[in-house]
2 protein chains.
Amino acid sequence: MNRERTIKVALAGCGTVGSGVLDIVVNRAESLACRTGVRFQVVGGLVADLSKKRSLPLDPHLLTDEPAALLSRDYDLLVEVMGGTTTARAVVLDALRAGKPVVTANKALLALHGAEVFRTAHAHSACVAFEASCAGGLPIVGAVLRGLQANRINQLVGIFNSTCNFVLTAMLDRGMTFADAVAEAQRSGYAEADPTLDVSGGDTAHKLTVLASLAFARNIEFSRIAMQGIDRLQLDDLRIAREMGYACKLLGIGRRVTNGPHAQNERLHLAVRPTLVPNAHPLAALTGASSGLWVQGDAVGETFYSGAGAGSLPTASAVVADMIEVATGATQATFNSLRIFNDQTAPAEYVDPGAPEGPFYVRFTFDSPRQDALSDLARALSDIPMRHERSHAASDRRHAVIITAPITCAELDTAVRAIASRLPLAGEPVVLPVLEV
Amino acid sequence: MNRERTIKVALAGCGTVGSGVLDIVVNRAESLACRTGVRFQVVGGLVADLSKKRSLPLDPHLLTDEPAALLSRDYDLLVEVMGGTTTARAVVLDALRAGKPVVTANKALLALHGAEVFRTAHAHSACVAFEASCAGGLPIVGAVLRGLQANRINQLVGIFNSTCNFVLTAMLDRGMTFADAVAEAQRSGYAEADPTLDVSGGDTAHKLTVLASLAFARNIEFSRIAMQGIDRLQLDDLRIAREMGYACKLLGIGRRVTNGPHAQNERLHLAVRPTLVPNAHPLAALTGASSGLWVQGDAVGETFYSGAGAGSLPTASAVVADMIEVATGATQATFNSLRIFNDQTAPAEYVDPGAPEGPFYVRFTFDSPRQDALSDLARALSDIPMRHERSHAASDRRHAVIITAPITCAELDTAVRAIASRLPLAGEPVVLPVLEV
């Protein structure tokens, strides 16, 4: 009991997250050992470019740009924080085949190759820990995987990409366009040089794949997640939504949909979309570079988690927590009975893309200011059940906005197309789902 | 991998939480086994009164009112959800001495006898899981113990008693007195017949003892927590606070206070007090019977957790999660390296009760309506640095309210006493701390 142990770590990736990991396990080693009884000795670091100047608390001779050289060291644990799905996949699989435990922050790897990674780990009595993959330092993987495991989870809704949340907040608070807000996020270090994976919703969909696989105990295909990013959002809609009592957020949503009394008819609704969140919902209050998760389980009811979702030290916080769990043996114990991404979870059934029902925000914009816009619309909208309507003047245009009553995507789409063909609109109507939980 | 295993459970306590546990492990056994690979067989239930009518999904012949009879069964795991610190302590210690793992929801037991319980567990190679002890189903023990373990935690602030939060919400939303709101909480099933432990702050202090012991890795004495309940709060103050942009909540607060550069000078500030929470803080938004925790760590920054903090199924959600963790072996692995409540954590040093510094809300009430109340006060208050002041008329009285700038408790107390001796006040001034994080 409470003997101090030393764990030899092979570190694949010495960038933003990797340097945060080194900061904790090297610079704060005494404090960490005192609290946890574990000390980490980094025996090698894999980098893409050996010639790049770095200021890491690590002997430069330990760095290599050869994956095979990294894995030839004497190590107890592979930490993969390099990102990507090519070299990262190869390194992770090689380590697992050698029976080594792996800690990874790589959501893309798990979303796209999770079944292979987990099957390989099980086959070689190894384990994989991935707390850092879904919301940086916010421990929501542990919450879903362990804290809530007595529950049948019915719904999860989250802000999983803090860069997008930073961009949306900057647009609204500072009146920026999408492009200017992205540039600001890049200057602030929140967005990559190529922000496509963030703003397209792809990163959110990767994380949703991982969390939904855990929450619903189903083998989920990343490619089946309906996905829409924030790159086409307009500031006008963020502002109108705010005036109507909503915050527009890029959400990842997973929900069980059961038709009839038989659980075997259960299907999953999985989607990534910019969504209007009512101000009373805790996700609406998250601004700037933060992440959050709202989960509803059959025993616990609703729980909510929020915090820094990215960044060097916050993400390293989760990586190092996993490293300690691997060191104590807790990860292996949990992993042995984990039913995720392996051959024992049944493939998910998905709801039809047109089937999800909910209220929607719809904005129609007329070519020229028209006093009678709403009454014209009211006639044209007779097929759409409505909750709220309002007109909104912005610059020289006239917006007419409605929040519908619950209606399916398919019904709404048909009605909106019919209206667009009959009325003199300026451009396509804007349709955004409204969160209802 | 993924073999189903059956765990024999001795269940000490078949009341609110115990019946929730049975609901999950008996009524939902198939679903649980399918998700987790674990099946629980309850081999005995301890009750205080065998003659009481119950509708439990458990063979009545398995019930006993004799602790020794329960522990004579063939069992793998003791689940203690009976509460109290006498029989519960004896049952838990006996099980641990027999080398059996224990899952408990009992915060009073851990706060008052934690060192003994944990020492006994370590001595007999057993383990203790206690996720349900601090916030019902909200998995904050796991968050602090595992998810955030790479951090040096500097502060934690929480709403740990959902009954008090229900009472405060009912007072404010429905204009009730404290006594009426407590009666309403009892009718709604949120408060016990004797609500003293809740409203006095004692239950919050129990939970704070457990969480702070984990977060600060110190041996903390329950008796050293400064404690004040909600039983003397007045509706007027809740209303004035709301008008000034604050929500009054019963908070448990733990904070490291370092004087000078040396960590060895570190002391802990631990307190349970009704506190004004700025509306922008996520704890301010928690209404009704909910719980929440805000934690600040050196790597992760700020994280926040909220959800149902009590009740039969929510609490059982955490108990059963722990039962599964014990079954997989994860609890034992974590527990072996756990530095809490045992001989290896140093005793905490505490800050002087008068030392904590912060802004405070102070209400002075004059005997009769006086237009010059604030100017009189302004003169009298020259020693107190102020942030805001306002006057507030309520019924036939005149309240003068200030929010001070940061000041120590001791300085404020001296100044307020001096004012009270000079001005014709109706009763004692009301002083409440304001949360500043």
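Just so it is clear, the model here is predicted, and its values are computed rather than measured.

A. How the structure looks around the relation of the copies chain A and chain B. Between chain A and chain B, which share one sequence, the superposing operator has a rotation angle of 180 degrees and an axial displacement of 0.0 Å; the RMSD is 0.0 Å. Taken together, the turn and the small shift mark the pair as related by a two-fold rotation axis.

B. Representation of the environment of proline 429 of chain A. All names here are of chain A. By the element assignment, proline 429 lies in the loop between helix H16 (409–422) and strand E18 (430–433). Along the chain, proline 429 and histidine 399 lie 30 residues apart, while their C-alpha atoms are 9.9 Å from each other. Once you skip the residues sitting within four places of it in the chain, proline 429 turns out to touch Val362, Arg363, Phe364, Val416 and Ala420.

C. Representation of the sheet that holds strand E2 (residues 38–46) of chain B. All names here are of chain B. If you trace the 6 strands from one edge of the open sheet to the other, you get E3-E2-E1-E4-E5-E6, paired in parallel fashion. Strand pairing shows two members of the sheet lacking a second neighbour, strand E3 (63–64) and strand E6 (128–129), which therefore form its edges. In terms of strand pairing, strand E4 (residues 77–80) meets strand E5 (residues 102–104) through 3 bridges, oriented parallel. Bridge pairing in E5 places leucine 78 opposite valine 102.

D. Highlighting the sheet that holds strand E12 (residues 301–308) of chain B. Taking strand neighbours across the sheet as the criterion, the 12 strands line up as E8(A)-E10(A)-E9(A)-E7(A)-E11(A)-E12(A)-E12(B)-E11(B)-E7(B)-E9(B)-E10(B)-E8(B) in an open arrangement whose pairing is mixed. The open sheet terminates on both sides in strands that have one partner only, identified here as strand E8 (226–227) of chain A together with strand E8 (226–227) of chain B. Lying over the sheet, helix H11 (residues 202–216) of chain B contacts strand E7 (153–159), E8, strand E9 (246–257), strand E10 (267–278) and strand E11 (290–297) of chain B, oriented at roughly 35 degrees with respect to E9 of chain B.

E. A look at the nonpolar core. In terms of nonpolar packing, the biggest core is built from 174 residues, with Leu78 of chain A together with Leu78 of chain B touching the most fellow members. When neighbours within four sequence positions are excluded, leucine 78 of chain B is seen to be in contact with Ala10, Ala12, Leu70, Leu71, Val91, Val92, Ala95, Pro101, Val102 and Val103 of chain B. Ala150 of chain A together with Ile7, Ile24 and Ala316 of chain B belong to the second-largest nonpolar core, a separate cluster that totals 35 residues.

F. Broad picture of helix H13 (residues 312–328) of chain A. Residue and element names in this part refer to chain A. In this model, H13 (17 residues) spans 24 Å end to end at C-alpha, consistent with the 24 Å of a helix rising 1.5 Å per residue. Where burial is concerned, most of H13 is hidden: 15 out of the 17 residues are buried. Positive phi appears at glycine 329, one or two residues downstream of H13, with a value of about 95 degrees.

G. Structural detail: the packing of aromatic side chains. Residue and element names in this part refer to chain A. In this structure the tally under the stated criterion is 8 aromatic pairs over all chains. An angle of 35 degrees between the planes, with centres 5.4 Å apart, marks the rings of phenylalanine 118 and phenylalanine 335 as tilted. Highlighted residues: phenylalanine 118 in helix H5 (residues 107–123) and phenylalanine 335 in helix H14 (residues 330–336), separated in sequence by 217 residues. Relative accessible area serves as the criterion here: at 0%, phenylalanine 118 is assigned to the buried category. Taking relative accessible area as the criterion, phenylalanine 335 reaches 2% and is therefore assigned buried. Over the face of the ring belonging to tyrosine 75 we find lysine 100, whose NZ or CZ atom lies 4.9 Å from the ring centre.

H. Layout of the interface of chain A and chain B. In this complex, chain A contributes 51 residues to the contact, which on the side of chain B involves 51 residues. Taken together, the links from chain A to chain B amount to 2 salt bridges. One salt bridge in this structure joins arginine 28 of chain B and aspartate 298 of chain A, with 2.8 Å as the shortest N-O distance. Remark: the boundary between chain A and chain B carries 16 residue pairs in polar contact (both at pLDDT 80 or more). When residues of the side of chain A that touches chain B are traced back to their parent elements, those giving at least two are helix H2 (29–36), helix H7 (140–147), strand E12 (301–308), H13 and H14 of chain A. By residue number, the principal contributor to the side of chain A that touches chain B is H13 of chain A, which donates 8 residues. Sheet analysis places E12 of chain A next to E12 of chain B, joined by 5 bridges and oriented antiparallel. Counted as the bridge partner of serine 306 of chain A is phenylalanine 304 of chain B from E12 of chain B.

I. Focus on the packing of helix H8 (residues 162–174) of chain B against helix H12 (residues 235–243) of chain B. All names here are of chain B. Put simply, H8 and H12 touch, their axes get as near as 10 Å, and they point 75 degrees apart. Viewed along their axes, H8 and H12 adopt a mutual orientation that is roughly perpendicular. Taken together, the residues of H12 that come into contact with H8 (itself represented by Leu168, Met171, Leu172 and Asp173) are Leu235, Leu238, Arg239 and Arg242.

What counts as what
- Residues numbered from 1 in each chain as written.
- Chains lettered and ligands numbered in written order.
- Predicted model: local features only at pLDDT ≥ 70, side-chain atom pairs only at ≥ 80, totals over all residues.
- Heavy atoms only, no water.
- Least-squares fit on C-alpha atoms with pLDDT ≥ 70 in both.
- Helix = DSSP H or I, 4+ residues; strand = E, 2+ residues; numbered from the N terminus.
- Contact = heavy atoms within 4.5 Å.
- Pairing = 2+ DSSP bridges.
- Axes fitted to C-alpha atoms, helices over the stretch in contact; angles between N-to-C directions.
- Core = buried A, V, L, I, M, F, W, Y, C linked by side-chain atoms within 4.5 Å.
- Buried < 20%, exposed > 50% of the residue type's maximum accessible area, 1.4 Å probe, protein only.
- Expected span 1.5 Å × (residues − 1).
- Phe/Tyr/Trp six-rings, centres within 6.5 Å; stacked < 30°, edge-to-face > 60°.
- Lys NZ or Arg CZ within 6 Å of the ring centre and 35° of its normal.
- Salt bridge = Lys/Arg side-chain N within 4 Å of Asp/Glu carboxyl O.
- Polar contact = N/O pair within 3.5 Å; in protein donor to acceptor, adjacent residues only side chain to side chain.
- Parallel < 35°, antiparallel > 145°, perpendicular 65-115°, else oblique.

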